[in-house]
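As a plain string of letters, each chain reads:
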Amino acid sequence: MVTRMVDLRSDTVTKPTEAMRAAMVTAEVDDDVLGADPTAFQLESEVAKIMGKEAGLFVPSGTMGNLISVLVHCDIRGSEVILGDNSHIHIYENGGISTIGGVHPRPVKNNEDGTMDINLIEAAIRDPRGELVYPTTRLICLENSHANSGGRCLSVAYTDRVGELATKHGLKLHIDGARIFNASVALGVPVHRLVQAADSISVCLSKGLGAPVGSVIVGSKSFITKARRLRKTLGGGMRQVGFICAAAFVALQENVGKLEGDHKKAKVLAEGLNQIKGLRVDVAAVQTNIIYFDIVEGSKLTAEKLYKNLEEHGVLVMPEGPARMRIVLHHQISSSDVQYTLSCFQQALTGVQEENGN
Ligand SMILES: Cc1ncc(COP(=O)(O)O)c(C=O)c1O
């Protein structure tokens, strides 16, 4: 029987804290589709203020936040968006920008650190003189931190340069900031400065910050007015939504300060895993709360067997292929959980249990 559970599949698996539950019970609510929910308004205003933008809008998910943002910026048919070929929007959002929005994606190669080369972005911008045949480039999307690159962070300097490029060509810049607070904490840069060059950001509250539901998109007042209308079109207008906004507000107040600890634990875990025979981790690539690692050839176990073995001991990770796995830290993982996880890996791969599983 499993006596201990350490869920490292994602930072989306957190359960609401007592403070979040209490806030939900007492939240003051009203009909948000009529624009009257005070708790939703409070959360939206606070996130907008923190991000240094004029206004915010609560949406049910990061996927909807990105979709609405892209569609607002690309509201003319035949628009094209430049985005990373390894970005969440391009890979994991059902191609919604095309299927729902009629927006054409122009993927540019993501480097291992989550950036796209500036010269490649510039080369991907369509020449307006070719308008008879080309789609019209209207938007560039970045992702910070970059999930598929192992949670690596895009610097302020890089983001500013992409912003300058966008301005030079009359384009908008959107940031998928599902984990923008992780990036800000890891870089030691205030989050409003990190996103200064962006016209819009989608900020997830249900990832590293641990809220049960929701994201907030931020931008100019006119951007948010259009976004609100699109949210209704997509069925994302919710009535007494203040109940979930109240929990998200607690997440914002209480959990940004815990991200640094998550990053430190990720580093400890990555270093420990890298010392176990049969595993390989690029420890230097672990900048925030995400760890990707490989099972080396000739190892005792395949990824599938290792996954099952860990599961039997209550350690849940995310398989990412025949020999690759992902772990994500979050505020409900303690240092002792990290040590227990290492001892489970150690035992599965070498048959030796270390004395660190308390
Ligand atoms: C980088 C990134 N963007 C967007 C999303 C989408 O968020 P949601 O699952 O809330 O739709 C995710 C989800 O994990 C993500 O990792």
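Quick caveat, the model's predicted, so the values are computed rather than measured.

About the thresholds
Residues numbered from 1 in each chain as written. Predicted model: local features only at pLDDT ≥ 70, side-chain atom pairs only at ≥ 80, totals over all residues. Heavy atoms only, no water. Axes fitted to C-alpha atoms, helices over the stretch in contact; angles between N-to-C directions. Helix = DSSP H or I, 4+ residues; strand = E, 2+ residues; numbered from the N terminus. Parallel < 35°, antiparallel > 145°, perpendicular 65-115°, else oblique. Left-handed = near helix turned anticlockwise from the far one by under 90°. Contact = heavy atoms within 4.5 Å. Nonpolar A, V, L, I, M, F, W, Y, C, P; charged D, E, K, R; others polar. UniProt positions renumbered as here; feature names shortened; annotations may be inferred. Buried < 20%, exposed > 50% of the residue type's maximum accessible area, 1.4 Å probe, protein only. Polar contact = N/O pair within 3.5 Å; in protein donor to acceptor, adjacent residues only side chain to side chain. Near = heavy atom within 4 Å.

Across the interface, helix α13 (residues 303-312) lies against helix α14 (residues 335-350) with an axial gap of 10 Å and an inter-helix angle of 130°. In terms of their interaxial angle, α13 and α14 are classed as oblique. Judged by the sense of rotation from one axis to the other, the crossing of α13 with α14 is right-handed. Here α13 contributes L306, N309 and L310 to the contact with α14, which in turn contributes C344, F345, A348 and L349. Here the contact of α13 with α14 is composed, by residue class, of six nonpolar, one polar and no charged.

UniProt's entry tags K207 with the feature "modified residue: N6-(pyridoxal phosphate)lysine" (unreviewed entry), counted in the numbering of this structure. Look at K207 and you get buried, because its relative accessible area is 15%.

Attention shifts here to the side chain of D11. Here D11 is to be found in the loop between β1 (6-7) and α1 (18-26). You can call D11 buried: its relative accessible area is 0%. Engagement of the side chain of D11 in a polar contact is seen with the side chain of R179, the distance being 2.8 Å. Of note is the side chain of D11, whose polar atom sits 3.0 Å from the side chain of N289.

Under the feature "domain: Aromatic amino acid beta-eliminating lyase/threonine aldolase" (unreviewed entry), the UniProt entry names residues 7-294. Taken end to end, residues 7-294 comprises 41% helix and 17% strand; its first and last C-alpha atoms sit 19 Å apart.

Taken together, S61, G62, T63, N66, H88, E93, E143, D176, A178, R179 and K207 make up the full set of residues near the ligand. Within the side chain of K207, a nitrogen or oxygen atom sits 2.9 Å from an oxygen atom of the ligand. The biggest single contributor to the shell around the ligand is helix α3 (residues 62-73), with three residues. For the shell around the ligand, the class distribution of residues is one nonpolar, five polar and five charged.

So, about the environment of M238. With respect to the element layout, M238 can be found in the loop between α10 (221-233) and α11 (242-255). If sequence neighbours within four positions are ignored, M238 has contacts with D32, V33, F58, P60 and I244.

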